[in-house]
Amino acid sequence: MDYFAHETAVIDEGAHIGSNSKIWHFSHIMTGSRIGNNCNIGQNVVVSPEVVLGNNVKVQNNVSVYTGVICEDDVFLGPSMVFTNVLNPRSFVSRKSEFRQTLVRKGASIGANATVVCGTEIGQYAIVGAGTVVTKNVSAFALVYGVPGVQHGWVSRYGHKLEFNKQNEAMCPETGEVYQLQEGECILISETINL
């Protein structure tokens, strides 16, 4: 076993946990789930069957990651955020065959107490603000918040809000990376240009 699990954590047989990952107090990792390397699974988290968490994923306390959720590498799931997996749940109707996939792309962050309705995709490096209700897809690098979630701009890979000039270009103040708006989407430009 090359991962850490607190003595109160429950790891079901058939769960796959990558090296150097940490599973904290009272968390339950269910059969058939896949957790990558260097992940941190906080207190009171459940990771359901068939969930996939990439490498370096941080799941904060009190998050239930239900069947149908796929998180790519470097995703951050804030405290008590919520995923759903059925659009019209009823306690007396079994809808396990209707679970919808939710995809959280590389580097995206979802804030505390946000709700992500199933069947949506959160684009790479997007930020979903605390308390937001996501009801539709979120573009890569988008800054989304509110109820329901509405886009309020763009962010860099390092999470800084981008300010675009007349040429539709912006620079991350921390890294110097340059971004450009193209056809309503934010694109990371590989070369450095003067703004």
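Scroll up to find the structure this text is about.
Keep in mind that this is a model prediction, so the values were computed, not measured.

Draft legend 1. Spatial organisation of the pattern of salt bridges. Tallying each qualifying case throughout the model produces 5 salt bridges. Residue lysine 106 is joined to aspartate 74 by a salt bridge in which the shortest nitrogen-to-oxygen separation is 2.8 Å. With lysine 106 in the loop between strand E15 (102-104) and strand E16 (109-110) and aspartate 74 in the loop between strand E12 (69-71) and strand E13 (76-77), this residue pair connects regions lying 32 residues apart in the sequence. The exposure class assigned to aspartate 74 is partly exposed, which follows from its relative accessible area of 31%. For glutamate 98, the salt bridge identified is with arginine 95, shortest N-O distance 3.6 Å. Look at glutamate 98 and you get partly exposed, because its relative accessible area is 39%. The exposure class of arginine 95 is buried, given its relative accessible area of 18%.

Draft legend 2. Region of the structure containing the side chain of serine 27. Here serine 27 shows up in the loop between strand E4 (22-23) and strand E5 (28-29). For serine 27, a relative accessible area of 1% gives the class buried. In this structure, serine 27 is in contact with Ala9, Val10, Ile41, Gly42, Gln43, Asn44 and Val45, ignoring residues within four places of it in sequence.

Draft legend 3. A look at the sheet that holds strand E25 (residues 185-189). If you trace the 3 strands from one edge of the open sheet to the other, you get E23-E24-E25, paired in antiparallel fashion. Edge positions in the open sheet fall to strand E23 (169-171) and E25, since each of these has one partner strand only. Averaged over all neighbouring strand pairs, the angle between strand axes comes to 30°, with direction disregarded.

Draft legend 4. Geometry of the sheet that holds E12. Across the sheet, 6 strands lie side by side as E3-E6-E9-E12-E15-E18; this open sheet has parallel pairing. Here the strands that pair on one side only, and so sit at the sheet edges, are strand E3 (16-17) and strand E18 (121-122). As paired strands, E12 and E15 are joined by 3 bridges and run parallel to one another. Bridge pairing links valine 69 to threonine 102 in E15.

Draft legend 5. Layout of the environment of phenylalanine 76. Note on placement: phenylalanine 76 falls in strand E13. In this structure phenylalanine 76 comes out as partly exposed when scored by relative accessible area, which is 30%. It is 6.4 Å that separates the C-alpha atoms of phenylalanine 76 and alanine 108, two residues lying 32 residues apart in sequence.

Draft legend 6. Spatial organisation of the pairing of strand E21 (residues 142-145). As paired elements, strand E19 (residues 127-128) and E21 share 2 bridges and run parallel to each other. Within E21, the residue paired with valine 128 across the bridge is valine 144. Examined bridge by bridge, E21 and strand E22 (residues 150-154) share 3 bridges and lie antiparallel to one another. If you follow valine 144 over to E22, its bridge partner there is glutamine 151. Where E21 folds back on E22, the antiparallel hairpin that results is connected by 4 residues, among which glycine 146 adopts a positive phi of roughly 110°.

Draft legend 7. Fine view of the side chain of glutamate 177. Its location among the elements puts glutamate 177 in the loop between E23 and strand E24 (178-182). A distance of 2.9 Å separates polar atoms of two side chains, one belonging to glutamate 177 and the other to tyrosine 179. Setting aside residues no more than four positions away along its own chain, glutamate 177 makes contact with Arg157, Ala170, Met171, Cys172 and Leu188.

Draft legend 8. The packing of aromatic side chains, seen in detail. Per the stated rule, a full pass over the model turns up 3 aromatic pairs. Residues tyrosine 125 and phenylalanine 141 carry aromatic rings whose centres are separated by 5.7 Å and whose planes lie at 15° to one another, so their mutual orientation is stacked. Taken as a pair, tyrosine 125 in the loop between E18 and E19 and phenylalanine 141 in the loop between strand E20 (133-134) and E21 lie far apart in primary sequence, 16 residues in all. Through successive ring pairs, a cluster of aromatic residues spans Tyr125, Phe141 and Tyr179. Over the ring of tyrosine 125 we find arginine 157, and its NZ or CZ is 5.8 Å from the ring centre.

Here is what the cut-offs are and how they apply
- Residues numbered from 1 in each chain as written.
- Predicted model: local features only at pLDDT ≥ 70, side-chain atom pairs only at ≥ 80, totals over all residues.
- Heavy atoms only, no water.
- Salt bridge = Lys/Arg side-chain N within 4 Å of Asp/Glu carboxyl O.
- Helix = DSSP H or I, 4+ residues; strand = E, 2+ residues; numbered from the N terminus.
- Buried < 20%, exposed > 50% of the residue type's maximum accessible area, 1.4 Å probe, protein only.
- Contact = heavy atoms within 4.5 Å.
- Pairing = 2+ DSSP bridges.
- Axes fitted to C-alpha atoms, helices over the stretch in contact; angles between N-to-C directions.
- Polar contact = N/O pair within 3.5 Å; in protein donor to acceptor, adjacent residues only side chain to side chain.
- Phe/Tyr/Trp six-rings, centres within 6.5 Å; stacked < 30°, edge-to-face > 60°.
- Lys NZ or Arg CZ within 6 Å of the ring centre and 35° of its normal.

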